[in-house]
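Below are the chains, spelled out letter by letter.
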Amino acid sequence: MSSFLRFDGAARHQPQVESWFDARQPELAAIAREWFAEMRNCGQDVTELLHDGHPTACVGDAAFGYVNVFTSHVNIGFFHGATLEDPAKLLQGTGRYMRHVKARPGSLPDRASLVALVQAAYADIRQKLAAEHSDLGGKRA
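Chains are numbered independently. Their residues run from 1 in the order of the written sequence. This being a predicted model, a pLDDT of at least 70 is required before a residue's local features are given, and a value of 80 or more before pairs of side-chain atoms are given or counted; all residues contribute to the totals for chains, interfaces and linings. No hydrogens and no water enter the side-chain calculation; it runs on all heavy atoms of the structure.

Caption draft 1: Focus on empty space enclosed by the protein. Grid points spaced at 1 Å over the protein atoms alone were grouped into cavities, where a 1.4 Å probe fits but cannot get out, and pockets, open sets with protein on both sides within 12 Å along at least five of seven lines, with lining residues defined by an atom within 4 Å of a point. Grid points are joined across faces, edges and corners, and a volume is the space filled by probe spheres set on the points. For the structure shown, the criterion picks out one cavity of 30 Å³ or more. Of the pockets and cavities examined, the largest cavity occupies roughly 40 Å³. Here a helix means four or more residues in a row that DSSP labels H or I, a strand means two or more in a row labelled E, and each is numbered from the N terminus. Put simply, the parts of the chain that give the lining of the largest cavity at least two residues each are strand 3 (62-69) and helix 3 (111-135). Broken down by element, the residue count for the lining of the largest cavity peaks at three residues, all from helix 3. The class makeup of the residues in the lining of the largest cavity is seven nonpolar, two polar and one charged. When residue character is reported, Ala, Val, Leu, Ile, Met, Phe, Trp, Tyr, Cys and Pro are called nonpolar, Asp, Glu, Lys and Arg charged, and the others, Gly included, polar.

Caption draft 2: Representation of the pairing of strand 1 (residues 46-51). Burial here depends on accessible area, computed with a 1.4 Å probe over protein chains only, as a share of the maximum for the residue type. Under 20% is buried, over 50% is exposed, and the range in between is partly exposed. Counting buried residues in strand 1 gives five out of six residues, a clear majority hidden from the surface. Inspection of the sheet shows strand 1 paired to strand 2 (residues 54-59) by six bridges, in the antiparallel sense. Note that in strand 2 the partner of E48 across the bridge is A57. Strand pairing requires that DSSP identify at least two bridges connecting the strands.

Caption draft 3: Up close: the pattern of salt bridges. In the sections that follow, a salt bridge refers to a side-chain nitrogen of Lys or Arg positioned within 4 Å of a carboxyl oxygen of Asp or Glu. Under the definition given, this model contains 10 salt bridges. Here R111 and E38 are joined by a salt bridge, their closest N and O atoms 3.3 Å apart. Placement of R111 in helix 3 and of E38 in helix 2 (residues 26-40) is noted, with a sequence separation of 73 residues between them. In this structure R111 comes out as partly exposed when scored by relative accessible area, which is 41%. On the basis of relative accessible area, E38 is assigned to the buried category, the value being 18%. One salt-bridge network, held together by shared partners, links E18, D22, R33, R40 and E48.

Caption draft 4: Structural context of the packing of helix 1 (residues 15-22) against helix 2. Note on method: axes are straight lines fitted to C-alpha atoms, helices fitted across the in-contact stretch only, with angles between N-to-C directions ranging 0 to 180 degrees. Packing of helix 1 against helix 2 brings their axes to within 9 Å, and their N-to-C directions diverge by 155°. In terms of their interaxial angle, helix 1 and helix 2 are classed as roughly antiparallel. Contact with helix 1, carried on its side by V17, E18, W20, F21 and D22, involves A29, A32, R33, F36 and R40 of helix 2 and no other residues of that element. Residue classes in the contact of helix 1 with helix 2 are distributed as six nonpolar, no polar and four charged. In this scheme, roughly parallel covers angles under 35 degrees and roughly antiparallel covers those over 145, while 65 to 115 is roughly perpendicular and the rest are oblique. Residues count as neighbours in contact if any of their non-hydrogen atoms are within 4.5 Å of one another.

Shown next, in the form of structure tokens:
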């Protein structure tokens, strides 16, 4: 059994994700769009969908990151953030798996540190998928 979330319907590009950004307050949407683009650009195997009403980035069908816009901030979240190295101490949350970074206009997190988290989350899910594939003798769960 997989220890990560899988979603049917993830595709390389989903028009409804763009519509989601367009429906948000422009200043916050710009922050969310920038960080979701960072997730999209991690690799050719990145797919996307709306999950729980917000953009979610996957490798294939396995989720690794998301963005969400709130009244005064944006969350840049990671489905397995609890296991990511975070030397800049950007990650917030106390859940078993998930963590997020808050970004506010005029109070943005360190770009290089957040890029490193996005890349680490992508590498982490790829590693988990490869291990699952290997454990199953090449068959998907």
